[in-house]
Amino acid sequence: MDGLRSILLNHKKRIIFLCILAVITAVTVVLQAYFLSAAVDHIFVQGQTFSEISWMLAGLAIILLLRTTFTYTGRRTGIAMAADVKAVYRKSLLDKFAGESVLQAGQGQSGGKISILLDAVDEMDSYFSEYIPQLIQASIIPVVILTIAFTQHIHTGLIMIITAPFIPLFMIIIGMQTKNKSEEQQEKLTAFSGQFLDALQGLTTLKLYRRSRAQEKAMETSSLSFRDATMEILKIAFTSSFMLELISMLSIGIVALELAIQMIIYEQVSFFTAFFLLMLAPEYYATLKELGSTFHSGQSSKGAAAKVINELAEETDPLHWGNVELSAGAVPPSIQLQQAGYHYEEGLFSLKNINATFPPRGNIAIVGRSGSGKSTLLHLIAGLLPLREGNIMVNDHSLAAYSKNSWFSQLNYISQHPYLFSGTIAENIAIGSSQDHTRGEIERAAEQAGIAGVINQLEQGYDTPVGEAGRGLSGGEMQRLALARAFLKKPSIILFDEPTTGLDLYTERILYASIRQLAQQATVITVAHRLYTIKDADTILFLEHGRLLAAGTHSELLRDVPEYREMVFVHDGGKNHE
Ligand SMILES: Nc1ncnc2c1ncn2[C@@H]1O[C@H](COP(=O)(O)OP(=O)(O)OP(=O)(O)O)[C@@H](O)[C@H]1O
């Protein structure tokens, strides 16, 4: 069973409702044709006056009203079904993207993911809002009309039954082609979106490396290829509607010709019957023809649905969480790494056998050469990467036993490049905390993080739009803004990836002082690059090629570990620190 059909099973009630509506609509179609042909027959053939047939006209008006209402209700039901399906799939995709580890989140093109989340899910709409309601109508209305036609005049019934299969047959041939083409078009749109977003994000780099022309060319090729795929689909769409129109017009013509011959030459059919059947014939073909058109968009939807379902089915390495609540006590939790290990790809870099204890309110520095695994270890402690070996104990439970929300509500992770969300500075500071905060509290946090002075100089102060909505901030300012988030949130664990890039002495001092202040209430684990931070730590974990080479205070490591001595020596331009 394909993905879309299995989704339909979750909407059984709506499907049954659509079936009932189709039966009622079929009855209104027949009654409408009956009242109209009876009225024409009574006026023009039997010579009655309008007042004599007023009941027929009233009946016709009521039927028309009912038919419109049922058609509208059917459409609404289809649209509601499509909206529900889209909401479910958007949520599943968002949950999948949100549940991914930092490793998976960084894989694949962001633009491609956005395109699946927005465009492909939207494209699924027409299958539920148009195709399915029309398929139900086309399975019921033509059968009712055909039955009436057979009871009235057997030849008309036969013509209808013989000509009808041409429409679905043609529809299936075209539909097959559309599905493949539509999948191709979706692929191209995803590729194009991805390339576009990559180019936007890396515009400065592209310019610096004089790659903008080459990138422009690649985007042009990608966009043209998407255009060609779209044109192919349109070509099929136009040809198919032309052919469907032609088949139904020819079929109605044959019905009309046969009725005219029977009525005028053989005088076997009354005017009323001929007119009644002639009213029903276009309804019969129109329902099938409509199905043909919606079949086309239904197939496009299938192409998009395949993309969404494939994305959801893609193997992930999820982060596991449990139900234990980590309560925000007065004392931060103690953290223990027990033989912790991780590898990105089999056979390449691995972090192995890391044993360490981080006591509450401890100030821990992780140091090591570039590529030794410092950030990887920080991501593991943060719960952003799944542990492959060993355990991370937080108080009495393993990290994976805690609920995701309670863990992250206690944690603040200040990365090297904190992200500025589109919004005001005040909103960006408050984003880390789940509670509502007054402007006073936000300003106090900004002061503690040493960024209040910068904000107060801005024309709009705390209401200055930043991120995609406005101006940017320097690296040091962003770090201080991230610290303000921490001061406001008051977490019990702070993970800090110290900037490797040179900060001015003033900013460096502020960062240092802020972290010390935060450390009075929280356990602070810092990936340290500065001697200042390293010397100040209670414990230093010294990593080398993914192994914990040594742990201790600065003076202990200087005394006992030659590799550490060498690193500090190189770091500080050859000065002696003993
Ligand atoms: N997403 C990834 N996929 C595969 N390998 C990765 C990935 N991220 C990091 N690595 C590899 O893992 C190793 C450790 O990387 P990590 O970022 O933890 O080092 P680090 O000590 O923090 O380095 P730096 O000080 O330069 O930031 C490196 O060899 C790196 O190439």
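Residue indices follow the written sequence of each chain, beginning from 1 at its first position. Whole-chain, interface and lining totals are the exception, using all residues; otherwise, since this is a predicted model, local features are given only for residues with pLDDT of at least 70 and side-chain atom pairs are given and counted only at 80 or more.

- Under an unreviewed UniProt entry, the name given to the chain is Thiol reductant ABC exporter subunit CydD, and the organism recorded is Lentibacillus juripiscarius.
- Its UniProt record, at the heading Subcellular location (unreviewed entry), says of the chain: "Cell membrane". UniProt positions are given in the numbering used here, feature names are shortened, and annotations may be inferred rather than shown by experiment.

### Let's talk about the overall build of the chain
Consideration 1: In terms of regular secondary structure, the chain is built from 21 helices and twelve strands.
Consideration 2: We call two residues in contact when their backbone-placed C-beta atoms lie within 7 Å. Put simply, of all contacts in the chain between residues at least 6 apart along the chain, 79% involve residues at least 24 apart. The helix count covers DSSP runs of H or I at least four residues long, the strand count covers runs of E at least two residues long, and both are numbered beginning at the N terminus.

### A word on unusual backbone geometry
Consideration 1: The phi torsion at E267 lies on the positive side, around 50 degrees, for a residue other than glycine.
Consideration 2: Here E267 lies in the loop between α10 (212–265) and α11 (271–313).
Consideration 3: Even without a glycine there, the phi angle at Q339 is positive, about 50 degrees.
Consideration 4: Position of Q339 among the secondary structure elements: in strand β1 (residues 335–343).

### A few points about the site of the ligand
Consideration 1: By definition, a residue lies near a molecule or strand when the C-beta atom built from its backbone is within 6 Å of it. For the ligand, the set of nearby residues contains 13 residues, the closest of which are Y344, S370, K374, S375 and T376.
Consideration 2: Per element, the largest residue contribution to the shell around the ligand is three residues, and it comes from helix α12 (residues 374–382).
Consideration 3: Looking at side-chain class alone, the shell around the ligand contains three nonpolar, eight polar and two charged residues. When residues are grouped by polarity, Ala, Val, Leu, Ile, Met, Phe, Trp, Tyr, Cys and Pro land in nonpolar, Asp, Glu, Lys and Arg in charged, and all others, Gly among them, in polar.

### Focus on the UniProt feature "transmembrane region" (unreviewed entry) in the chain
Consideration 1: Here, the residues flagged by UniProt with the feature "transmembrane region" (unreviewed entry) are residues 15–37, 43–66, 131–151, 157–176 and 236–257.
Consideration 2: End C-alpha to end C-alpha, residues 15–37 measures 33 Å, and it is 100% helix and 0% strand.
Consideration 3: Overall, residues 157–176 shows 90% helix and 0% strand. The separation of its end C-alpha atoms is 30 Å.

### Some words on the packing of helix α8 (residues 166–201) against α11
Consideration 1: The geometry of α8 relative to α11 is characterised by a closest axis approach of 8 Å and an angle of 30 degrees between their N-to-C directions. In this view, α8 runs roughly parallel relative to α11, as classed from their interaxial angle. For the crossing formed where α8 meets α11, the hand is right-handed.
Consideration 2: In terms of residue class, the contact of α8 with α11 is made up of nine nonpolar, nine polar and five charged. Axis definition: a line fit to C-alpha positions, over the contact stretch in the case of helices; interaxial angles, taken between N-to-C directions, run 0 to 180 degrees. For classification purposes, angles smaller than 35 degrees are called roughly parallel, those larger than 145 roughly antiparallel, those between 65 and 115 roughly perpendicular, and all remaining angles oblique. Helix crossings are classified by the rotation of the near helix relative to the far one: an anticlockwise turn of less than a right angle makes the crossing left-handed, while a clockwise turn makes it right-handed.

### Remarks on the pairing of strand β11 (residues 539–544)
Consideration 1: Partly exposed residues are those falling between the two cut-offs: more than 12 but fewer than 20 other C-beta atoms within 10 Å of their own, whereas 20 or more means buried and 12 or fewer means exposed, with C-beta atoms placed from the backbone. Counting buried positions along β11 gives five out of six residues, so the element sits mostly inside the fold.
Consideration 2: Strand pairing is assigned whenever DSSP identifies at least 2 bridges connecting the two strands. Bridging between strand β3 (residues 363–368) and β11 involves five bridges; their strand directions are parallel. Of the residues in β11, the one forming a bridge with A365 is I540.
Consideration 3: As defined by bridge partners, β11 adjoins strand β12 (residues 547–552) across five bridges and the pair is classed as antiparallel. Counted as the bridge partner of L543 is L548 from β12.
Consideration 4: The hairpin formed by β11 and β12 contains two residues between the paired strands, and H545 there has a positive phi angle of roughly 45 degrees.

### Considering the nonpolar core
Consideration 1: To define a nonpolar core, we join buried Ala, Val, Leu, Ile, Met, Phe, Trp, Tyr and Cys residues through C-beta atoms within 7 Å and take the resulting set. Of all hydrophobic cores here, the largest spans 70 residues; its most connected members are I366, I429, A484 and L495.
Consideration 2: Broken down by element, this core gets its largest block of residues, eight residues, from helix α17 (residues 475–489).
Consideration 3: With residues up to four places along the chain from it excluded, the contact list for L495 reads L378, I381, A382, L411, Y413 and I525.
Consideration 4: By size, the runner-up hydrophobic cluster in this structure holds 51 residues, among which are A82, A138, A274 and L280.

### A closer look at α10
Consideration 1: Along its 54 residues, α10 runs 78 Å from first to last C-alpha, staying within 8% of the 80 Å computed at 1.5 Å per residue.
Consideration 2: Of all the positions in α10, only F226, A229, I233, S240, L244, I247, S248, S251, V255 and L259 are classed as buried.
Consideration 3: On its buried face, α10 is in contact with α7 (154–163), α8 and α11.
Consideration 4: Phi turns positive, to about 50 degrees, at E267, one or two residues after α10. Under the convention used throughout, the expected extent of a helix is 1.5 Å for every residue step, that is, one less than its residue count.

### Let's talk about the environment of H417
Consideration 1: Assignment of secondary structure puts H417 in the loop between β6 (411–414) and β7 (423–424).
Consideration 2: The class of H417 is exposed, set by 12 C-beta atoms lying within 10 Å.
Consideration 3: In this structure the C-alpha to C-alpha distance between H417 and A482, which are 65 residues apart in sequence, comes to 9.4 Å.

### Notes on the pairing of strand β10 (residues 523–527)
Consideration 1: Burial analysis of β10 places five of its five residues in the buried class, which makes it a mostly covered element.
Consideration 2: By the alternation rule, side chains of β10 split into T523, I525 and V527 and V524 and T526, which are all buried.
Consideration 3: In terms of strand pairing, β3 meets β10 through four bridges, oriented parallel. Bridge pairing in β10 places I366 opposite V527.

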